[in-house]
Amino acid sequence: MPDNNKVVMAEVNCREPGSRELSKIHQAGAGGWPTLKFFNKETGAQGANYVQKTKQKVCDEMKVPSMVASWIEEVGGLTVDLSAS
């Protein structure tokens, strides 16, 4: 993904002792793995879950750069230029 100071991608390993409380708060794993969430002004600190667009597994769907870009554009209101990556 091209660098953008308005988008931050983060990974939390729910098996790590320090992240278990965060995993509970955000119901990580509810509905399957991985749990993808986004946070913006509308969702606040609670965030909202990614909604699958295809019949593929989420982990496969999000391997496609254009799918990730589309999601960022949808929930973030940003234009993602994949030619810069």
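Nothing here was measured: the structure is a model prediction, and the numbers come from that model.

Q: How do you make sense of the overall build of the protein when you look at a structure like this?
A: Within the protein one finds three helices and two strands. With 85 residues in all, the protein has 20% of them scored as buried. Long-range pairs, those at least 24 residues apart, make up 32% of the contacts in the protein between residues at least 6 apart in sequence. As presented, the protein carries roughly 6,600 Å² of accessible surface, and 52% of it is formed by carbon and sulfur atoms.

Q: Explain the pattern of salt bridges here, please?
A: Two side chains that carry opposite charge are able to pair once their charged atoms sit near each other. Tallied over the entire structure, the rule returns two salt bridges. Here Lys53 makes a salt bridge to Glu74, at a shortest N to O gap of 3.0 Å. Of this pair, Lys53 sits in the loop between β2 (48-49) and α2 (58-61) while Glu74 sits in helix α3 (residues 65-76); the two residues are 21 residues apart in sequence, bridging distant segments of the chain. Judged by its relative accessible area of 49%, Glu74 falls in the partly exposed class. For Asp60, the salt bridge goes to Lys63, with nearest N and O atoms at 3.4 Å. The partly exposed category is assigned to Asp60, whose relative accessible area is 31%. A relative accessible area of 61% means that Lys63 is categorised as exposed.

Q: Would you mind showing me how to read the nonpolar core here?
A: Soluble globular proteins tend to pack their nonpolar side chains together in the buried interior. Listed in full, the 11 residues of the largest apolar core are Phe38, Tyr50, Val58, Met62, Val68, Ala69, Trp71, Ile72, Val75, Leu78 and Val80. With five residues, the top contributor of residues to this core is α3.

Q: Sorry if this is basic, but what is going on with the layout of surface pockets here?
A: Over the atoms rolls a probe the size of a water molecule, and in doing so it shows where empty space is left. Looking at the largest pocket, its volume works out to about 1,300 Å³. Every residue lining the largest pocket is counted, 33 residues in all, and those nearest its centre are Ala10, Thr35, Leu36, Lys37 and Trp71. Mapped onto the lining of the largest pocket, the elements with two or more residues apiece are α1 (20-25), β1 (37-38), α2 and α3. Per-element tally for the lining of the largest pocket: the top contributor is α3, with five residues. Here the residues of the lining of the largest pocket are counted per class, giving 21 nonpolar, six polar and six charged.

Q: Is there a simple way to explain the environment of Lys53 in this structure?
A: Among the residues examined, Lys53 registers a relative accessible area of 44% and is labelled partly exposed. Each C-alpha atom, one on Lys53 and one on Met67, is 8.6 Å from the other, the two residues being 14 residues apart in sequence. When residues no more than four places from it in sequence are discounted, the contact partners of Lys53 are Glu61, Met67 and Glu74. Side-chain polar atoms of Lys53 contact the side chain of Glu74, separated by 3.0 Å.

What counts, and at which threshold
Residues numbered from 1 in each chain as written. Predicted model: local features only at pLDDT ≥ 70, side-chain atom pairs only at ≥ 80, totals over all residues. Heavy atoms only, no water. Helix = DSSP H or I, 4+ residues; strand = E, 2+ residues; numbered from the N terminus. Buried < 20%, exposed > 50% of the residue type's maximum accessible area, 1.4 Å probe, protein only. Contact = heavy atoms within 4.5 Å. Areas by Shrake-Rupley, 256 points an atom, 1.4 Å probe, with all protein chains shown as cover. Salt bridge = Lys/Arg side-chain N within 4 Å of Asp/Glu carboxyl O. Core = buried A, V, L, I, M, F, W, Y, C linked by side-chain atoms within 4.5 Å. 1 Å grid on protein atoms, 1.4 Å probe; cavity = no way out; pocket = protein on both sides within 12 Å on 5 of 7 lines; lining within 4 Å. Points joined across faces, edges and corners; volume = space filled by probe spheres on them. Nonpolar A, V, L, I, M, F, W, Y, C, P; charged D, E, K, R; others polar. Polar contact = N/O pair within 3.5 Å; in protein donor to acceptor, adjacent residues only side chain to side chain.

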